Amino acid sequence: MIDRLDPIFTDETAARNWLEAQRWPDGAACPFCESRERVKPLAGSSMGDGWYHCQDCRRKFTVRVGTLYERSHVPLHKWLLASYVLSTANDRAVTVDQLRATIDVSYRTAWRMLQRLREAVDAAGTAVADE
Ligand SMILES: [Zn+2]
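As the structure is a prediction and not an experimental result, all values here were calculated from the model.

## Regarding the packing of helix 1 (residues 12-23) against helix 2 (residues 76-88)
Their axes nearest at 8 Å, the elements helix 1 and helix 2 cross at an angle of 65 degrees. Of helix 2, the residues touching helix 1 (which contributes Glu 12, Ala 15, Arg 16, Trp 18 and Leu 19) are Leu 76, His 77 and Leu 80. Class assignment of the residues belonging to the contact of helix 1 with helix 2 gives a composition of five nonpolar, one polar and two charged.

What follows is the structure in structure tokens.
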């Protein structure tokens, strides 16, 4: 079980490792062509940690691609905390101001995150994209 003090909510590497384990229990899979055998980590990449390259379709990706955390400048650990807060609170009772204060982002960012999380909940019934 995860609690509020879990390092995945404060540490970006822990957050990424956790999401990778959730999404890819059998190893990284390409979100574009679903290849698994020919996916390699881009170690020491200038793009930062967490990038993979698929040798089948020759595209690069991180664990965020294909989830609601995709294409966001907000660090993953803040997204996970926001998801956690929404999933443990009475969802509709969480305000933008509370989220902003909890995860330490701007009001505008918190507003956008809340929109995206609620859309995902409405669409899938869960705050974390389901494979
Ligand atoms: Zn691929």
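## Thoughts on helix 3 (residues 96-103)
Turning to helix 3, its buried residues number three or more, namely Val 96, Leu 99 and Ile 103. On an axial view of helix 3, the arc spanned by its buried residues comes to 65 degrees, and they lie on one face. Positive phi shows up at Asp 104, right after helix 3, with a value of about 60 degrees.

## A closer look at the coordination of the zinc ion
Every protein donor of the zinc ion is accounted for by Cys 30 (SG), Cys 33 (SG), Cys 54 (SG) and Cys 57 (SG), and the metal-donor separations fall at 2.3 Å. Each of the four donor atoms around the zinc ion contributes to a set of angles spanning 104 to 118 degrees, which defines the coordination as tetrahedral. Read from N- to C-terminus, the donor residues coordinating the zinc ion fall into the pattern C-x2-C-x20-C-x2-C. On the criterion of sequence distance, the pair formed by Cys 30 in the loop between helix 1 and strand 1 (39-41) and Cys 54 in strand 2 (residues 52-54) is long-range, its members being 24 residues apart. Among the residues examined, Cys 54 registers a relative accessible area of 0% and is labelled buried.

## Brief notes about the domain arrangement of the protein chain
Segmenting the protein chain into domains produces domain 1 (7-61) and domain 2 (76-130). The gap between the C-alpha centroids of domain 1 and domain 2 is 23 Å. The interface is formed by nine residues belonging to domain 1 together with five residues belonging to domain 2. Both sides together, the interface formed by domain 1 and domain 2 hides about 730 Å², and carbon and sulfur atoms give 76% of it. The interface formed by domain 1 and domain 2 contains two residue pairs in polar contact (both at pLDDT 80 or more). The residue inventory of the side of domain 1 that touches domain 2, partitioned by class, reads five nonpolar, one polar and three charged.

The rules behind the values
Starting from 1, residues in each chain are numbered consecutively following that chain's sequence as written. Two thresholds apply to this predicted model, a pLDDT of at least 70 for residue-level local features and 80 or more for giving and counting side-chain atom pairs, whereas whole-chain, interface and lining totals are computed over all residues. Water and hydrogen atoms were dropped before computing side-chain values, which therefore reflect all heavy atoms in the structure. Axis definition: a line fitted to C-alpha atoms, over the contacting stretch in the case of helices. Angles run 0 to 180 degrees between N-to-C directions. Secondary structure counts use DSSP, requiring at least four H or I residues in a row for a helix and at least two E residues in a row for a strand, with both numbered from the N terminus. Between two residues, a contact is recorded if the distance between any of their heavy atoms is within 4.5 Å. Gly counts as polar in this scheme, as do all residues outside two lists: the nonpolar Ala, Val, Leu, Ile, Met, Phe, Trp, Tyr, Cys and Pro, and the charged Asp, Glu, Lys and Arg. Categorising residues by exposure relies on relative accessible area from a 1.4 Å probe, with only protein chains included: less than 20% of the type maximum marks a residue as buried, more than 50% marks it as exposed, and the intermediate range marks it as partly exposed. Each direction from the helix axis to a C-beta atom contributes to the arc, which is the arc of those directions. For Na, K and Ca the donor cutoff is 3.2 Å, while for all other metals N, O and S atoms must lie within 2.8 Å; water is not among the atoms, so some sites may look incomplete. Geometry is assigned from donor-metal-donor angles: four donors are tetrahedral when every angle falls between 85 and 135 degrees, four are square planar and six octahedral when opposite donors sit over 155 degrees apart with all other angles between 65 and 115, and any other arrangement is irregular. These domain boundaries are the output of an automatic or database domain assignment. Two parts placed together each lose some accessible area under a 1.4 Å probe, and the buried area is that loss summed for both. Here a polar contact means two N or O atoms within 3.5 Å. Within protein one must be a hydrogen donor candidate and the other an acceptor candidate, and residues neighboring in sequence count only if both atoms are side-chain atoms.

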